[in-house]
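Observations on chain architecture
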Amino acid sequence: KHNKLVTTTLTQLSIPKVNAGATGDIFLLADGTYDHASREPITKSVIVNAANKGKAIIKGAPIDLNSLCTFEGFDLQYKTTEQTVVNLRGGCIFQLNKTHFVNATTIRCDWLVIRSDNCTIKNNEIYNKVGLGKMVLVGSGSAIVKNTKILNNHIHDHNGGTGNGGETVRFGSSEAAKAEFNTEFGGNLVENTDTSDDELMTIKSSANNLHDNTFKNCKGSPTFRHGGGNKYNNNI
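These notes cover the structure that comes with them. Note that this is a predicted model, so its numbers are computed, not measured. All residue numbers refer to position in the chain's written sequence, counted from 1. Where local features are concerned, this predicted model is filtered to residues with pLDDT of at least 70; where side-chain atom pairs are given and counted, the filter is 80 or more; whole-chain, interface and lining totals use all residues. As a rule here, side-chain values come from all non-hydrogen atoms in the structure, and water together with hydrogens is ignored.

Right, let's talk about the overall build of the protein chain for a bit. When you go through the protein chain residue by residue, the secondary structure sums to zero helices and 26 strands. For 236 residues, the compact-globule formula gives about 18 Å, and the C-alpha radius of gyration of the protein chain, at 17 Å, lands near that figure. Principal axes of the C-alpha set define a box for the protein chain whose edges measure 45 × 35 × 30 Å. In this scheme, a residue with accessible area under 20% of its type's maximum is buried, one over 50% is exposed, and one in between is partly exposed, where area comes from a 1.4 Å probe on protein chains only. Residues classed as buried in the protein chain amount to 53% of the 236 residues present. Two residues form a contact once any of their heavy atoms are found within 4.5 Å. Partitioning the contacts of the protein chain with sequence separation of at least 6, the portion at a separation of at least 24 is 61%. What sets the accessible areas is the Shrake-Rupley method with a 1.4 Å probe; for residues, cover comes only from the shown protein chains. Accessible surface, the protein chain as shown: approximately 9,900 Å² in total, 47% of it carbon and sulfur. Counting 25 positive and 22 negative side-chain charges, the protein chain places the centres of these two groups 3 Å from one another. Helical segments are the DSSP runs of H or I of at least four residues, strand segments are the runs of E of at least two, and each set is numbered from the N terminus. Atoms considered for the radius of gyration are the C-alpha atoms alone. The globule rule reads 2.2 Å times the number of residues to the power 0.38. This count recognises Lys and Arg as positive and Asp and Glu as negative, with His and chain-terminal groups excluded. Working definition for charges: the position is that of NZ of Lys, CZ of Arg, CG of Asp or CD of Glu.

Set out below in structure tokens:
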């Protein structure tokens, strides 16, 4: 039997309540607008949801997901000048969130960065990014990140920037290009992008599968820069 906590205080979402929880415990954040004071991670395999989808708004510093947790149903408006907004690790599931972070810096800023194997990003709306950096980035530097699933998201309105580095999505890097990432990018709608980069999506790794996506009104296009054994099927 799992414990369930409905809370109206944001501090209970990370430390100490969530990270003192048992596997499978459920934490629900009540409706309202919450200002998160400083970056904190969720480190336990728990379920953290908005009590009502889209009605718990979190502003301020990001919450990282560093465990096999589920994080669902929030309106996320984080603000940071750090290059990475949210780190995703530990096989976490990030789903059904409205994700429109504050564009707090004109330098490169990556919104959702997957840093370990078996993470899932699905059924989210990710939108209104201005400037360089990725909305979704799988791996960073020489890191090899396997079995990411990015499914049925609406990714839209990424604009601005100057020069290279304005891709909306990237898998891997030149250093890790020969590694098999096995990323699945399927059923997504990507639209209304106009950045300084001609590469809408940059594939710099191997054995990825892009299928059943729709790309609409985008200046750039999916680009297979490095790697091999990638699949591109049934996209519009």
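Turning to the side chain of T99, a few remarks are in order. Mapping T99 onto the fold places it in strand β12 (residues 98-99). Judged by relative accessible area, T99 falls into the buried class, the value being 0%. Discounting chain neighbours no more than four positions away, the residues touching T99 are L76, F94, W111, E125, I126 and Y127.

Before going further, it helps to spend a moment on the sheet that holds strand β3 (residues 32-36). Between any two strands, pairing holds if DSSP finds at least two bridges. Read from one edge to the other, the open sheet built from eight strands follows the order β3-β6-β9-β12-β15-β18-β21-β24, with strand pairing classed as parallel. Unpaired on one side and paired on the other, β3 and β24 (214-218) mark the two borders of the sheet.

Notably, N128 is not glycine yet its phi reads approximately 65°, a positive angle. Residue position: N128 is located in strand β15 (residues 125-130). Even without being a glycine, N182 presents a positive backbone phi close to 55°. Checked against the element boundaries, N182 lands in the loop between β19 (169-172) and β20 (184-186). Given a relative accessible area of 33%, N182 falls into the partly exposed group.

Another aspect to go through is the pattern of salt bridges. Whenever a carboxyl oxygen of Asp or Glu lies within 4 Å of a side-chain nitrogen of Lys or Arg, that contact is scored as a salt bridge. As enumerated under the stated definition, the model contains five salt bridges in all. Of the charged contacts, one joins D64 and R39 as a salt bridge, the two residues approaching to 2.8 Å between their closest N and O atoms. You can see D64 sitting in strand β7 (residues 63-65) and its partner R39 sitting in the loop between β3 and β4 (40-42), a full 25 residues away along the chain. Residue classification places D64 among the buried residues on the basis of a relative accessible area of 6%. One network of salt bridges, with partners in common, ties together R39, D64 and E82.

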